[in-house]
Amino acid sequence: SAFKVSFDEVFKKLRGPKGSKVGLTIKRPNVKEHIKVTLIRDEIPIFSVLASFLIDDITGYIKINRFASTTTQEFQDAVDFLLADGMQQLVIDLRNNGGGLMDEAIKIVDLFISSNDKILITKGKILGSDHIYYASKKAPYKNIPIITIINRGSASASEIVSGAFQDLDRGLVI
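Residues numbered from 1 in each chain as written. Predicted model: local features only at pLDDT ≥ 70, side-chain atom pairs only at ≥ 80, totals over all residues. Heavy atoms only, no water.

> Could you clarify how one ought to interpret the overall build of the chain in this entry?
When helices and strands are tallied, the chain shows four helices and nine strands. On C-alpha atoms alone, the chain measures out to a radius of gyration of 22 Å, which is more than a quarter above the 16 Å that the 2.2 N^0.38 rule sets for 174 residues. For the chain, the C-alpha atoms occupy an extent of roughly 65 × 50 × 30 Å along the three principal directions. In the chain, buried positions account for 32% of the 174 residues. Residue pairs at least 24 apart in sequence account for 61% of intrachain contacts in the chain once pairs closer than 6 positions are excluded. (Helix = DSSP H or I, 4+ residues; strand = E, 2+ residues; numbered from the N terminus. Rg over C-alpha atoms; globule rule 2.2 N^0.38 Å. Buried < 20%, exposed > 50% of the residue type's maximum accessible area, 1.4 Å probe, protein only. Contact = heavy atoms within 4.5 Å.)

And the structure:
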């Protein structure tokens, strides 16, 4: 029984070697018959880009839920796919994105900045730990208008992206 079983205990019971099986019996309220299910354990990929689609004929939408090592590549793949479908403007949804890798946020911004502007300045307490990150001027998406959506759950790398677009007059932040 999983009654009063902690979250950690559930994971201990469900995790195991890839390809191995685990049997579950599910009992639902007001249903006499139990449902038996066999799960085959496998790796579960975690993607940074949760959704990408055209809202209308020209407006693309991309939802980024975190900034991990694959985020920039996933994002570029999504933008390229939307461009092929006719996208002319882009909404980047960073709501409830708690952040992640700072370098990935900088790379995302760099895709849209065609100057050598400062993207980010970091300052540390240790002498010599300050750093300035500049755009590379490559900017394959320099002509795409951008709107970034954030909320109170947007933090860290999400703030870097939305803040840079706003500070560099590259896009709007909602």
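> Explain the environment of V31 here, please?
Structurally, V31 can be placed in the loop between β1 (21-26) and β2 (35-40). With 115 residues separating them along the chain, V31 and I146 place their C-alpha atoms 51 Å apart.

> How should I be thinking about the pattern of salt bridges in this particular structure?
One side chain can pair with another of opposite charge once the charged atoms of both are near each other. On inspection of all chains with the given rule, the structure shows four salt bridges. The network of salt bridges with shared partners includes K63, D93 and R95. (Salt bridge = Lys/Arg side-chain N within 4 Å of Asp/Glu carboxyl O.)

> Which parts of the structure should I look at to understand the nonpolar core?
Core analysis: the biggest nonpolar cluster contains 30 residues, and I62, F75, L90 and F112 have the highest contact counts within it. Contributions of two or more residues to this core are made by β4 (59-64), α2 (71-84), β5 (89-93), α3 (102-110), β6 (118-122) and α4 (157-167). With five residues, the top contributor of residues to this core is α4. Discounting residues that sit within four places of it in the chain, F75 has contacts with V49, I62, I64, L90, I92, I108, L111 and F112. (Core = buried A, V, L, I, M, F, W, Y, C linked by side-chain atoms within 4.5 Å.)

> Which parts of the structure should I look at to understand the pairing of β4?
On a regular strand, one side chain projects to one face of the sheet and the next to the other, so that they alternate. For β4, a buried count of six out of six residues is recorded, marking the element as mostly surrounded by other parts of the structure. Judged by which residues are buried, β4 turns out to be covered on both faces: T59, Y61 and K63 on one side and G60, I62 and I64 on the other are all buried. Pairing of strand β3 (residues 49-54) with β4 involves five bridges; the strand directions are antiparallel. Residue F53 lies in a different strand from β4, and its bridge partner there is Y61. (Pairing = 2+ DSSP bridges.)

> Honestly, the environment of T38 in this entry has me stumped. Any pointers?
Looking at the element boundaries, T38 is found in strand β2. Among the residues examined, T38 registers a relative accessible area of 56% and is labelled exposed. T38 sits 17 residues away from I55 along the chain, and the two C-alpha atoms are 39 Å apart. Excluding anything up to four places from it in sequence, T38 contacts K21, V22 and G23.

> Please clarify how the packing of α3 against α4 should be interpreted in this entry.
Two numbers describe how α3 lies on α4: the axes approach to 8 Å, and their chain directions differ by 25°. As judged from the angle between their axes, α3 and α4 are roughly parallel. Read as a crossing pair, α3 and α4 show a hand that is right-handed. Here M102, A105, I108 and V109 of α3 come into contact with α4, specifically with A157, I160, V161, A164 and F165. (Axes fitted to C-alpha atoms, helices over the stretch in contact; angles between N-to-C directions. Parallel < 35°, antiparallel > 145°, perpendicular 65-115°, else oblique. Left-handed = near helix turned anticlockwise from the far one by under 90°.)

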